[in-house]
Structures are given as C-alpha cells and as structure tokens.
Amino acid sequence: MNSYGSEDNDAVFDVAIIGAGLVGLLIAYELSRYRLEIAVIDLHPEPGFGVSRAHGGVIHVIQLPLGSVKSRLAIYGNRMYDRLCRELGVGFRRVSAILVAQKVRQLIYSPILYLLLKLYYGARGFGVRLVGGKTLRRLEPNIVGFGGVMVDGYGIVDSFRLIYNLYHELRRRKIRFLLETRVTSIRVLENYIALETSRGTIRARFLVNSAGLSSSDIAGMVDPEYRSLTVPKPGAMIVFDRTQTRNIVAPIHIGGGETKGGGIIPTLWGTTIWGPNLSVARDRCRDRCTSTCSTPRDLFTLIERFSGIVRVRGTPVKLYVGVRPSSRNGDFHIGYSKRSRRIVNLIGIESPGLTAAPAIAKIVVWMLWRGGLELRRRRRVVDHERSEAEEPYRDIETDPGDERDIVCPCMGVSMAHLKEAVAKGVSTLDGLCFYTRLGMGACQGQNCLGRAIVELSRLLNIDPRKLRKGYGDSWVVK
Ligand SMILES: Cc1cc2nc3c(=O)[nH]c(=O)nc-3n(C[C@H](O)[C@H](O)[C@H](O)COP(=O)(O)OP(=O)(O)OC[C@H]3O[C@@H](n4cnc5c(N)ncnc54)[C@H](O)[C@@H]3O)c2cc1C
C-alpha cells in the first residue's frame, strides 16, 4: 500500500523528519530556506499534539547543570526568539524571573546564588540583580518575600500560535505533511532510507528523528542500543483565571533535584500557570498520553509550593499534565546514528526544549550538511510568489460581524477566531481549543463547546459526527 499517490511511488524526499512537534517544525522551517524536498511525518492529525501540547511556555535562561548541552542550547535558542516570533507573527514578551527568598535560610543563600548566576549568565549578557524587600514589593506587589535574585532575558510565548503559524508557513513553502502516519520500522539502504509506515513506504535520503517520547525507540529501529533511553517524567501545572505577577516568580530552590521546581508564570492572555512539578511516571506514558496522569498529589505539591508566596490568586480553572521525554543521563542527545551519518537522532529533548528548539534546528541542519546533504539556498520568498503559490489550506471569508459574534465568552473567542484557526490548519476540537484557547476559561467550555462543535463542523464542511477531539477514533458526537 502506498497512500502518497501513484506518481509519488518512486519519489525520494531529500529529508524526512519524524515528528511534527516544535522541534521537528523548526527543523523543517530552517531547512525550508534551501532547495529541498522535505516531508514531516507525524502520527497525530495535527502538529504539536505530542510533548509540545502541554508545557509551561517559558523561554528560559537558567538551566542546570550549567555547561550541559541543554543549558548551552537554551542560551542560544533564547536569543533567537525575538526575531523568530516577529517573522512568524507570534505573541512573545520578554520578562524577568525573580527567585524569591521567603525564609531566612533562603535570604542567606541569595547572595551566593546571585554571585553564581552573575558569573555564569552575567558573562553571557543576561542582567542579574539582587533585589531587596522594597524593590520586590514595587516590582511584584502580589508577592510575599524578603527579597531575592532577579534574572532578565526570560520570555513567555504563545506556543500554539508558534506551532500553527509554522505549520501554515511550511505548507505555503511546499513542505509535505504526512499526518496520521506512524513510522513502524526503518531500513538503511545504499541510496536512501526506507521508512515503513502505517500508510506505506516513505523514502528519503536523510532522516531526522525528532519523535519526542518515541525518539529513542525510533533510533532503536536502526541502532538497538538506543532503545529505551528515554524515561517519561510527567509534570503537572495549574491554571488560574487571572494575572498574579508581571514576571516569572519562584521561591529560591535550595538543594539539587532534577527540575528548577517550576514557577508562577504569567501568560500572554491574562491567566497564570503554577508549575510544573516533577512526578514519577505512573505508567509508560507514550505519545497518546499527555493529559491523563494527574493525581491529587500533583495538585497538593503545587499548592504547597506556591500558595504561601502569592497574596491574591483568583480561581483555579484547569490542571494539566505534560510528559517530559527525559534521557537517562538527564541531557539532550543530538547525534548521528551509529549506522549512518544520514540519520540524526534527537533524544531526551525535555525542558528547556521549547527554548532550545531554534538552536537545535540550526545544529541539525549543520549536521545534515556535514553528513553529505547539499544545501542550495532558495530565492527569497517574495510576495508575488505567495499569491501564485498553491494554497493547500482553507481560504475562509470573514465578515465584519464575525469579530462581534462571540462563541466563548470567558476567553473572548469570536467566529473570526474560529475561521482563522481553520484557515491555519485546525481540523479537530483539541486543535481549536489550543489555537483559540476556547473552553479554557472559568466555565471550562460549558457555555461554548456545543456551539463550537457545530461551527467547527460547518467550517470544515463535515458532519458533526465526523468531528474528532484529537487522535484516532475520538469522535465528539456519537
Ligand atoms: C511539563 C512540561 C513543561 C515544560 N515546560 C517548558 C518550558 O516552560 N520551556 C521550555 O523551553 N520547555 C518546556 N518543556 C519542554 C518542551 O515542551 C519539549 O522539550 C518540546 O515540546 C519537545 O518537542 P519535540 O518536538 O521534541 O517533541 P514532541 O512535541 O513530542 O514531537 C514529537 C512528535 O513525534 C510524533 N511521533 C512519535 N512517534 C512517532 C512515530 N512512530 N511515527 C510518527 N510520528 C511519531 C509525535 O506524535 C509528536 O507529535 C516542558 C515539557 C513538559 C513536559
């Protein structure tokens, strides 16, 4: 079987990318500057439905251990975000992170922390300051603490706009998206790599494995020693319906531990996230499982950690869980397959993978070139090419009334937003909620999901019984 069309039977892509998460999309974006035939393969119906669907949305600065691959790539990636978000029209705001001393022990520790951070991050161009109690109250009136250490250069990003705007732009640049396609085995042949998938064979000269939680298993299809290198580590986050802080705020974390312990994170749309924590995987969470693992314990850990630090909180509206694809040594592994330099594996891309993703993309392109991929620059994409380009996405007419026709009152989502979402490639209810944040307000969708289902089916021109929540047979209406 080959469902990629009979003319494509002999087609060989220059590069196949397994995984349409943030990392895979940014690699495709970087490669799309060159004259290459590129395919992005993902088992989900829309991009970003793996690890990339549930995270904190923070563009980090501090990442332990200092000097690790993930720490260095976070610094490079961080610096690329202003330009990237401008290019793609994605919401992004620079903020600082304040590590707050709530206890005397933490206050004693803050000058040491300040010196350490100043030495490492100050030297790399990030502002690091000691703040006293008065300055803290002025900067963050809603926060309780004696003072702390402030690090500039953090960011908060609208990561779903980033995903869908990349998806839209890549399709415009003729990148092939082979969705709902699961890679089941890989053969390295003399002239190309053959990927056996749930929809037939795909051939490519070069392969990038950015399959998130499954990347070590995918790497293991060629090099068995890579199998089971990834350990799933869930992290829970609570969302509140109001802004609590201007900056990212976290209590000073003394002692080791695998994460920085999460923080109080403002979002671009007036809500606040507490978290993420780090809990032990209760089962072997895989690509299908990103939201089913929260327990009351997750909730209590977050409340215990953050409730003493914030004066006014608002109402908690959601608890969600993401699953980190941690590697056994706790660092990113970015390397060639042992069998072939035509395959690049990305394993253990946990936090700060969102931050590091643009830098990872640059490195992967360089590795492909070192592995033998010829890179010839494309002419700049100019506007007249845009209009001539075959637009594979839906062109939906909006009228002035759409802006005022509100579908989700809590989050202010209008018909115009729904139409925009479908035009960007949304085809499921989850995709609509991620793109527009519909249903993520105080009423949790009670007032809007019914209408959203009807309107989305109408815009997609399908029967509501054919509308899916997300993956597989997740029919919304039975
Ligand atoms: C709780 C939590 C909080 C986080 N917070 C932050 C943060 O604040 N800042 C930050 O920088 N980072 C953060 N991260 C990390 C960041 O979210 C991830 O590093 C990043 O999203 C990983 O993206 P990815 O593209 O590598 O993986 P994914 O998004 O998982 O993409 C991989 C894709 O591969 C597909 N796939 C898998 N197997 C197959 C197969 N066999 N065939 C076809 N397709 C397949 C999947 O469907 C998936 O879509 C957080 C992570 C978690 C879990």
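This is a predicted model, so every value here is computed, not measured.

Rules behind the numbers
- Residues numbered from 1 in each chain as written.
- Predicted model: local features only at pLDDT ≥ 70, side-chain atom pairs only at ≥ 80, totals over all residues.
- Helix = DSSP H or I, 4+ residues; strand = E, 2+ residues; numbered from the N terminus.
- Buried ≥ 20, exposed ≤ 12 C-beta atoms within 10 Å, placed from the backbone.
- Contact = placed C-beta atoms within 7 Å.
- Near = placed C-beta within 6 Å.
- Domains from an automatic or database assignment.
- Axes fitted to C-alpha atoms, helices over the stretch in contact; angles between N-to-C directions.
- Parallel < 35°, antiparallel > 145°, perpendicular 65-115°, else oblique.
- Nonpolar A, V, L, I, M, F, W, Y, C, P; charged D, E, K, R; others polar.
- Expected span 1.5 Å × (residues − 1).
- Pairing = 2+ DSSP bridges.
- Left-handed = near helix turned anticlockwise from the far one by under 90°.
- Core = buried A, V, L, I, M, F, W, Y, C linked by C-beta atoms within 7 Å.
- pLDDT = per-residue confidence, 0-100.

S.K.: Help me get a handle on the overall build of the protein chain, residues and values and all.
M.R.: Helix and strand content of the protein chain: 13 helices and 19 strands. Counting over 478 residues, the protein chain shows a buried share of 46%. Relative to all contacts within the protein chain whose residues are 6 or more apart in sequence, the contacts with residues 24 or more apart total 73%.

S.K.: Tell me about the site of the ligand, residues and numbers included.
M.R.: Around the ligand lies a shell of 41 residues, among which Gly-21, Gly-50, Gly-56, Gly-212 and Gly-353 are the nearest. Counting residues per element, the ones that place at least two in the shell around the ligand are helix H1 (22–31), strand E15 (316–327) and helix H8 (353–370). Two domains each donate at least three residues to the shell around the ligand, and these are domain 1 (6–52 + 160–229 + 330–370) and domain 2 (92–156 + 231–325).

S.K.: Residues and numbers for unusual backbone geometry, please.
M.R.: The amide bond that connects Leu-64 to the next residue, Pro-65, takes the cis arrangement and shows omega of -10°. With respect to the helices and strands, the residue Pro-65 is situated in the loop between strand E3 (58–59) and helix H2 (69–88). A cis geometry characterises the amide bond from Ser-351 onward to Pro-352, with omega recorded as 10°. As for its placement among the helices and strands, Pro-352 is situated in the loop between strand E17 (343–347) and H8. Despite not being glycine, Glu-180 has its phi angle at roughly 50°, a positive value. Counting through the fold element by element, Glu-180 comes out in the loop between strand E7 (176–178) and strand E8 (183–188). Here Glu-180 falls in the partly exposed class, since 16 other C-beta atoms lie within 10 Å of it.

S.K.: Summarise the packing of H2 against H8; cite the residues concerned and give the values.
M.R.: The N-to-C vectors of H2 and H8 enclose an angle of 85°; their axes lie 6 Å apart at closest approach. Judged by the angle between their axes, H2 and H8 are roughly perpendicular. Here Lys-70, Leu-73, Ala-74, Tyr-76, Gly-77, Asn-78, Met-80 and Leu-84 of H2 lie close against H8, whose contacting residues are Thr-355, Ala-356, Ala-357, Pro-358, Ala-359 and Ile-360. Looking at the contact of H2 with H8 residue by residue, the class counts come to ten nonpolar, three polar and one charged.

S.K.: Before we move on, can you summarise helix H5 (residues 159–172) with the specific residues and values?
M.R.: Helix length check: H5 (14 residues) gives 20 Å between terminal C-alpha atoms against 20 Å at 1.5 Å per residue, within 8%. Along H5, the residues classified as buried are Ser-159, Phe-160, Leu-162, Ile-163, Tyr-164, Asn-165, Leu-166, Tyr-167 and Leu-170. Contact partners of the buried residues in H5: H1, H2, strand E6 (147–157), H8, helix H11 (415–424) and helix H12 (429–436).

S.K.: Before we move on, could you go through the pairing of strand E16 (residues 333–336) and cite the residues and values that matter?
M.R.: Where E16 and E17 come together, four bridges link them in antiparallel fashion. Each bridged residue has a counterpart across the sheet, and for Gly-335 the counterpart in E17 is Asn-345. Where E16 hands over to E17, the hairpin turn is made up of six residues, counted between the paired strands.

S.K.: Summarise helix H13 (residues 449–460); cite the residues concerned and give the values.
M.R.: Its twelve residues give H13 an end-to-end C-alpha distance of 16 Å, which sits within 8% of 16 Å, the value for a rise of 1.5 Å per residue. Trailing H13 by a residue or two, Asn-461 shows a phi angle of about 65°, which is positive.

S.K.: Residue-level account of the packing of H1 against H5, with values.
M.R.: The relative placement of two packed helices is expressed as an angle between their axes plus a distance between the axes. It is the contact of H1 with H5, at a shortest axis distance of 10 Å, that shows an interaxial angle of 40°. Classified by the angle their axes make, H1 and H5 are oblique. Viewed along their axes, H1 and H5 form a crossing whose handedness is left-handed. Seen from H1, the contacting residues are Leu-22, Leu-25, Leu-26, Ala-28 and Tyr-29; seen from H5, they are Ser-159, Leu-162, Ile-163, Leu-166, Tyr-167 and Leu-170.

S.K.: For the pairing of strand E9 (residues 193–197), give the residues involved together with the corresponding values.
M.R.: Going residue by residue along E9, you find Ile-193, Leu-195 and Thr-197 tucked away on one face and Ala-194 and Glu-196 left uncovered on the opposite face. Looking at chain direction, E8 and E9 are connected through five bridges and run antiparallel. Looking across to E9, one finds that Arg-187 is bridged to Ala-194. Bridge count for E9 against strand E10 (residues 200–209) is five bridges, and the pairing is antiparallel. Its bridge partner lying in E10, Ile-193 is registered against Ala-204. Hairpin connection between E9 and E10: a loop of two residues separates the two successive antiparallel strands.

S.K.: How would you sum up the nonpolar core? Please name residues and give values.
M.R.: The biggest cluster of nonpolar side chains holds 129 residues, and the ones touching the most others in it are Val-15, Ala-16 and Val-151. Those residues in contact with Ala-16 that lie beyond four places of it in its chain are Ala-39, Ile-41, Leu-195, Ile-202, Ala-204 and Leu-207.

S.K.: Give a description of the confidence of the model for the protein chain that names residues and reports values.
M.R.: For the protein chain, mean pLDDT is 90; residues scoring 70 or higher make up 90% of the total. When the criterion is pLDDT under 50, residues 284–291 qualifies, and its contacts beyond four places in sequence or with other chains add up to 22 contacts. Here residues 382–393 is modelled with pLDDT under 50, and outside its nearest four sequence neighbours on either side it reaches nine contacts, counting other chains as well.

S.K.: Describe the environment of Leu-449, and please don't skip the residues or the numbers.
M.R.: Assignment of secondary structure puts Leu-449 in helix H13. Each C-alpha atom, one on Leu-449 and one on Leu-438, is 8.0 Å from the other, the two residues being eleven residues apart in sequence.

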